[in-house]
Protein chains: 2
Amino acid sequence: MSAASQALRVAGGRREELEVIALERSHHTSYSACGIPYWIAGDVADRSALVARTAEQHRRNGIDLRMRHEAIALDLEGRKVEVRDVDSGAEFSLPYDEVVIATGAAPARPDLPGSDAAGVLGVQTLDDGARVLHWLDAMKSRRAENCRAVVVGGGYIGIEMAEAMLRHGCQVRVVDRGEEPMSTLDPDMGALVREALEKLGVAVSTGVEVRGFDTVRDEGTGPRERVRAVVTDAGTYDADVVVLGMGVVANSDLAVRAGLPTGARGGIVTDPRMAVPGHDGVWAAGDCVVSFDRVSQRRVHVALGTHANKQGRVLGTNLGGGYARFPGIVGTAASKVCELEIARTGLREIDARRAGFRYAVGTVDSTTRAGYFPDAAPITVKVLAEQGTGRLLGVQIVGYGPGSAKRIDACALALWNGMTAADLAMADLSYAPPFSPVWDPVQIAARRAAAAALG
Amino acid sequence: MSAASQALRVAGGRREELEVIALERSHHTSYSACGIPYWIAGDVADRSALVARTAEQHRRNGIDLRMRHEAIALDLEGRKVEVRDVDSGAEFSLPYDEVVIATGAAPARPDLPGSDAAGVLGVQTLDDGARVLHWLDAMKSRRAENCRAVVVGGGYIGIEMAEAMLRHGCQVRVVDRGEEPMSTLDPDMGALVREALEKLGVAVSTGVEVRGFDTVRDEGTGPRERVRAVVTDAGTYDADVVVLGMGVVANSDLAVRAGLPTGARGGIVTDPRMAVPGHDGVWAAGDCVVSFDRVSQRRVHVALGTHANKQGRVLGTNLGGGYARFPGIVGTAASKVCELEIARTGLREIDARRAGFRYAVGTVDSTTRAGYFPDAAPITVKVLAEQGTGRLLGVQIVGYGPGSAKRIDACALALWNGMTAADLAMADLSYAPPFSPVWDPVQIAARRAAAAALG
């Protein structure tokens, strides 16, 4: 919808020449999927707050938006989309001059025994969110003790959902196959997240593979069985509710069947203008594409709303007759669980090794504010720099809020510009006692990484 | 002391060859002057918390630190410093191989009638801070109503002291000669600071020139008269205490008398290694020097602890036999008054004009977090970009905490690297609902500035 809106905006006086039809198979459009865990947690009172623009608003804006219509096939030769009206089942063809694929990502949902049981829930769509809240209500009303929640996957969604479940008074366990939770960080930084989760009362089981879900017949769930435990290679965990946060893959079936090129985790390949190379008039953007990573120089699949929005705007600018390029990413992301803030940019150690870098590490335990300032909170920063050149490769931050996670933005721009760790250590970052020690923790870690890389 | 410590650290095994003598005319060394307003406000319980390293610690570290010793003259020809023992009055010569001038800055204290009265107070040193606290106690004990505080100067120190005085229950007025408070921002951004101050109950009088201080004889203050009002060209304001926050000038008398080169506001000129050019064996660092501004390409005087620390470290590295360069600054600074956070980097409109830039402006009113997230607070970001090229020239931020001010660091690194506003608008900054709207306010303002600069 970002691409559609921007195309019309850029077309300006020529917008009458542009007929924009948008197909959306669900009941909802333009909502903040990232906000769903916070809605479930109770931070956001109402799902309607997550809707950035309603279907009606899009239509008033000149977009012929067809809700509950699914694109089921793409005929590139004939320049038409095969469409199914989800409610009536009717199918028809829609001719196009230019087609934009913005099918997003789908949760990686394991094909395991019991995974379709009632109470095994995802958190990708607004309907998913409503289902989680509904299920929690039902479980809380039938159990005298605390509802037992198992979150499968200890990544961004997993830890956000762990907090949400805590806020509902659940006993919470996070199960992850990795060595530590938050596998988007190195294990030494992930261990800090584990510590924080455990302090919050969350049980953390890592190095554990989920084998399936134990279910039980239940009158409340009709013919479907209800989940009662998560079965893993390390034992069985009782569960009244299971939340799946196991990452996503590009939802690119439509593109694949049409013969379009795809890369990591099924992401569609595009050029920087968001056009699919070799296929005239075909565009793609958002969670269904791969993005160019400026640090590793590889195409990666990173499903984040911020990239999707930027790509949509770039695509729309080009479609509307303008010129714009998506410059790629450096792998920046942030999250939080209660007061703990987590952020990263660039390469982890494993990424650096895979990309063939030899690197050095600098780490510091410091505080978010001057040590003497009230509520100066612990923060750990880890910096990776290339051996020999000292060029920054990645930064990871785990610390208490406020003020830990957003420090990653300066690091992201340092990476973006190919700075060395030594340059970052001496750059003019802001200092005042309520905001930082006189040497920002990021700069101390960078200085140490520089010394290690050049020593 | 940062230079002295670093020289010994870098010298390592050769540290026995290095005899480091440090002269300090006051009773204190290595304290956070930036923390003094927060100590006065009550955020920091004890002045000892502001002391990073005591004299004793420095001595254990191998520095021959002579407290209450003042350098009164510098004989460059004879390579010796004339020293006075402040307490005994004894004078003697100290020969040197290398001399480091780190005499800091002195508050710009007006030579106005009554400025030496009791109750007209600065806040530069620990002793200043103690005097303010002592005076407030005395005033509070003798007045039935609230103590009336007038803060002269609406810059960083001024607004921090306005908060401190509020915390003591004073009626507070800030008097500034500029059009708006916070003249390190453009007036349109300063107006937001005025609004916030007024909401806090602080009276703000701008465009006002202080002419002097009305005083009264008082038994408590002995032969000195006590301040009772601030006299300005716009009227007289009753005052039980006056705090001076009128900025600083380089404390470079010693250097000037020795014939060393100085620049803006008396700052000593150095090269990037912190050596004074043309004067072998003479070094200078900290609030007494001018720094190279990478944006305007001019030497400017910016007295901030963060530059002083970095310069001290660079100087010490070079003095200890290593090699380091201070890369200059981009004019980054941050502050707060109660919940309002203020930050800036690069050039203001007036700086851009003076430096000969033609520029365009992009401004946005947004929120620190996703609009639907609890405690999403208002933030205004203003971006200046060069006309035609779109190159970033400066960024100013005024917003409520947490999370407004530290956003300046990403902007500072964008400036540092000569990025365009359009580049910044598309860069990979972190996004998650608790930390940012999906388009960071900085990026929206940058996008608008880019459009204005290139349109």
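1. Notes on the relation of the copies chain A and chain B
- Note on the copies: chain A fits chain B at an RMSD of 0.0 Å, the axial shift is 0.0 Å, and the rotation between them is 180°. These values place the two chain copies in the arrangement generated by a two-fold rotation axis. Closest approach to the rotation axis within chain A is made by the C-alpha atom of A410 of chain A, at a distance of 2.0 Å.
- Both copies share a contact surface, since 100% of the interface residues of chain A are interface residues in chain B too.

2. Comments concerning the state of the cysteines
- Per the counting criterion, the structure on display carries zero disulfides over all chains.
- Free of any disulfide, C338 of chain B has its nearest neighbouring cysteine sulfur in C170 of chain B, separated by 13 Å.

3. Thoughts on the packing of helix α10 (residues 408–416) of chain A against helix α10 (residues 408–416) of chain B
- The N-to-C vectors of α10 of chain A and α10 of chain B enclose an angle of 15°; their axes lie 7 Å apart at closest approach. Taken together, the axis directions place α10 of chain A and α10 of chain B in an arrangement best described as roughly parallel. Judged by the twist between their axes, the crossing of α10 of chain A over α10 of chain B is right-handed. Between α10 of chain A, through D409, A410, L413 and A414 of chain A, and α10 of chain B, the contact on the second element is made entirely by D409, A410, L413 and A414 of chain B.
- Partitioned by chemical class, the residues of the contact of α10 of chain A with α10 of chain B number six nonpolar, no polar and two charged.

4. Some words on the interface of chain A and chain B
- With 59 residues of chain A at the contact, the number on the chain B side is 59 residues.
- The tally of links between chain A and chain B comes to two salt bridges.
- Between D440 of chain B and K406 of chain A there is a salt bridge; the shortest N-O distance is 2.7 Å.
- For the pair chain A and chain B, the number of links is 18 residue pairs in polar contact (both at pLDDT 80 or more).
- At the level of secondary structure, the elements contributing two or more residues to the side of chain A that touches chain B comprise α8 (305–319), β20 (333–337), α10, α11 (421–426) and α12 (441–454) of chain A.
- The residue makeup of the side of chain A that touches chain B, split by class, is 35 nonpolar, 13 polar and 11 charged.

5. Quick word on unusual backbone geometry
- Here G401 of chain A and P402 of chain A are connected by a cis peptide whose omega angle stands at -5°.
- Along the chain, P402 of chain A falls in the loop between β24 (392–400) and α10.
- A positive phi angle, close to 45°, is found at R265 of chain B, a residue other than glycine.
- Its place among the elements puts R265 of chain B in the loop between α7 (253–257) and β17 (282–284).
- Relative accessible area serves as the criterion here: at 49%, R265 of chain B is assigned to the partly exposed category.
- One non-glycine residue with positive phi stands out, namely Q297 of chain B, at about 60°.
- In this fold, Q297 of chain B is placed in the loop between β18 (291–293) and β19 (298–300).
- The exposure class of Q297 of chain B is exposed, given its relative accessible area of 55%.

6. Brief notes about the sheet that holds strand β11 (residues 203–206) of chain A
- Read across the open sheet, the five strands follow the order β8-β15-β9-β10-β11 (chain A); overall the sheet is parallel. The open sheet terminates on both sides in strands that have one partner only, identified here as β8 (120–121) and β11 of chain A.

7. What about the domain arrangement of chain A?
Residue and element names in this part refer to chain A.
- Domain annotation of chain A identifies domain 1 (2–25 + 68–106 + 248–319) and domain 2 (333–454).
- The C-alpha centroid of domain 2 is placed 35 Å from the C-alpha centroid of domain 1.
- Taken residue by residue, the interface counts six residues in domain 1 and 10 residues in domain 2.
- Of the roughly 580 Å² buried between domain 1 and domain 2, counting both surfaces, carbon and sulfur atoms make up 65%.
- Of all residues in domain 1, R294, V295 and R298 bury the most surface against domain 2, accounting for 78% of the area lost on that side.
- Counting across the domain 1 and domain 2 interface gives zero salt bridges.
- Across the side of domain 1 that touches domain 2, the residue classes tally to two nonpolar, one polar and three charged.

8. Digging into the packing of aromatic side chains
- Tallying each qualifying case throughout the model produces two aromatic pairs over all chains.
- Centroid distance Y38 of chain A to F373 of chain B: 5.0 Å. Interplanar angle 80°. Geometry classified as edge-to-face. Placement of Y38 of chain A in helix α2 (residues 36–41) and of F373 of chain B in the loop between β22 (359–367) and β23 (378–386) is noted, with the two residues assigned to different chains. With respect to burial, Y38 of chain A and F373 of chain B carry one shared label: buried.
- Between the NZ or CZ atom of K310 of chain A and the centre of the ring of W439 of chain B, over which it lies, the distance is 5.6 Å.
- R294 of chain B extends its terminal NZ or CZ atom over the ring of W416 of chain B, reaching a point 3.8 Å from the ring centre.

9. Concerning helix α1 (residues 2–11) of chain A
Residues and elements named next belong to chain A.
- When you tally the buried positions in α1, you get seven out of 10 residues, the bulk of the element.
- Residues of α1 that are buried: A3, A4, S5, Q6, A7, L8 and A11.
- Residues of α1 that are buried sit in contact with α3 (55–60) and α8.
- Immediately downstream of α1, the backbone of G12 shows phi near 55°, a positive value.

10. Topic: the sheet that holds strand β14 (residues 235–238) of chain B
Residue and element names in this part refer to chain B.
- Strands sit in the order β12-β13-β14 across an open sheet of three strands; the sheet is antiparallel. The outermost strands of the open sheet, each flanked by one partner alone, are β12 (210–216) and β14. On average, each strand axis in the sheet is tilted by 30° relative to the strand beside it, whichever way the strands run.

11. Observations concerning the confidence of the model for chain A
- On average, residues of chain A score 96 in pLDDT, and 100% of them are at 70 or above.
- With pTM at 0.97, the complex prediction returns an ipTM value of 0.96.

12. Brief notes about the pairing of β20 of chain A
Residues and elements named next belong to chain A.
- Most of β20 sits inside the fold, with five of its five residues counted as buried.
- Here β20 shows a buried face lined by A333, S335 and V337 and a second buried face lined by A334 and K336.
- Relative to strand β21 (residues 340–346), β20 runs antiparallel, the two being bridged by five bridges. The partner of A334 across the bridge, within β21, is A343.
- Connecting β20 to the antiparallel partner β21 that follows it, the hairpin turn spans two residues, and C338 within it adopts a positive phi of roughly 50°.

13. Notes on the environment of E56 of chain B
- The residue E56 of chain B is located in helix α3 (residues 55–60) in this model.
- With 85 residues separating them along the chain, E56 of chain B and S141 of chain B place their C-alpha atoms 37 Å apart.

14. So, the pattern of salt bridges
All names here are of chain A.
- Per the counting criterion, the structure on display carries 60 salt bridges over all chains.
- In this structure, R59 engages E56 in a salt bridge whose closest nitrogen and oxygen atoms are separated by 3.6 Å. In this pair, R59 and E56 are both assigned in helix α3, three residues apart and thus about one turn of the helix distant.
- Among the ionic pairs, R167 bridges to E163, the shortest N-O distance being 2.8 Å. Remark: E163 and R167 occur in helix α5 (residues 156–167); sequence separation between them is four residues, near one turn of the helix.
- For E163, a relative accessible area of 5% corresponds to the buried category.

15. Here we look at the packing of α1 of chain A against α8 of chain A
Residues and elements named next belong to chain A.
- Where α1 meets α8, the closest approach of the two axes is 7 Å, and the angle between their N-to-C directions is 35°. Note that α1 runs across α8; the crossing there is right-handed. Of the residues in α8, those touching α1 at S2, A3, Q6, A7, R9 and V10 are N309, G312, R313, L315, G316, T317 and L319.
- Split by residue class, the contact of α1 with α8 holds five nonpolar, six polar and two charged.

About the cut-offs
- Residues numbered from 1 in each chain as written.
- Chains lettered and ligands numbered in written order.
- Predicted model: local features only at pLDDT ≥ 70, side-chain atom pairs only at ≥ 80, totals over all residues.
- Heavy atoms only, no water.
- Least-squares fit on C-alpha atoms with pLDDT ≥ 70 in both.
- Contact = heavy atoms within 4.5 Å.
- Disulfide = S-S within 2.5 Å.
- Axes fitted to C-alpha atoms, helices over the stretch in contact; angles between N-to-C directions.
- Helix = DSSP H or I, 4+ residues; strand = E, 2+ residues; numbered from the N terminus.
- Parallel < 35°, antiparallel > 145°, perpendicular 65-115°, else oblique.
- Left-handed = near helix turned anticlockwise from the far one by under 90°.
- Nonpolar A, V, L, I, M, F, W, Y, C, P; charged D, E, K, R; others polar.
- Salt bridge = Lys/Arg side-chain N within 4 Å of Asp/Glu carboxyl O.
- Polar contact = N/O pair within 3.5 Å; in protein donor to acceptor, adjacent residues only side chain to side chain.
- Buried < 20%, exposed > 50% of the residue type's maximum accessible area, 1.4 Å probe, protein only.
- Pairing = 2+ DSSP bridges.
- Domains from an automatic or database assignment.
- Buried area = accessible area lost by both parts, 1.4 Å probe.
- Phe/Tyr/Trp six-rings, centres within 6.5 Å; stacked < 30°, edge-to-face > 60°.
- Lys NZ or Arg CZ within 6 Å of the ring centre and 35° of its normal.
- pLDDT = per-residue confidence, 0-100.

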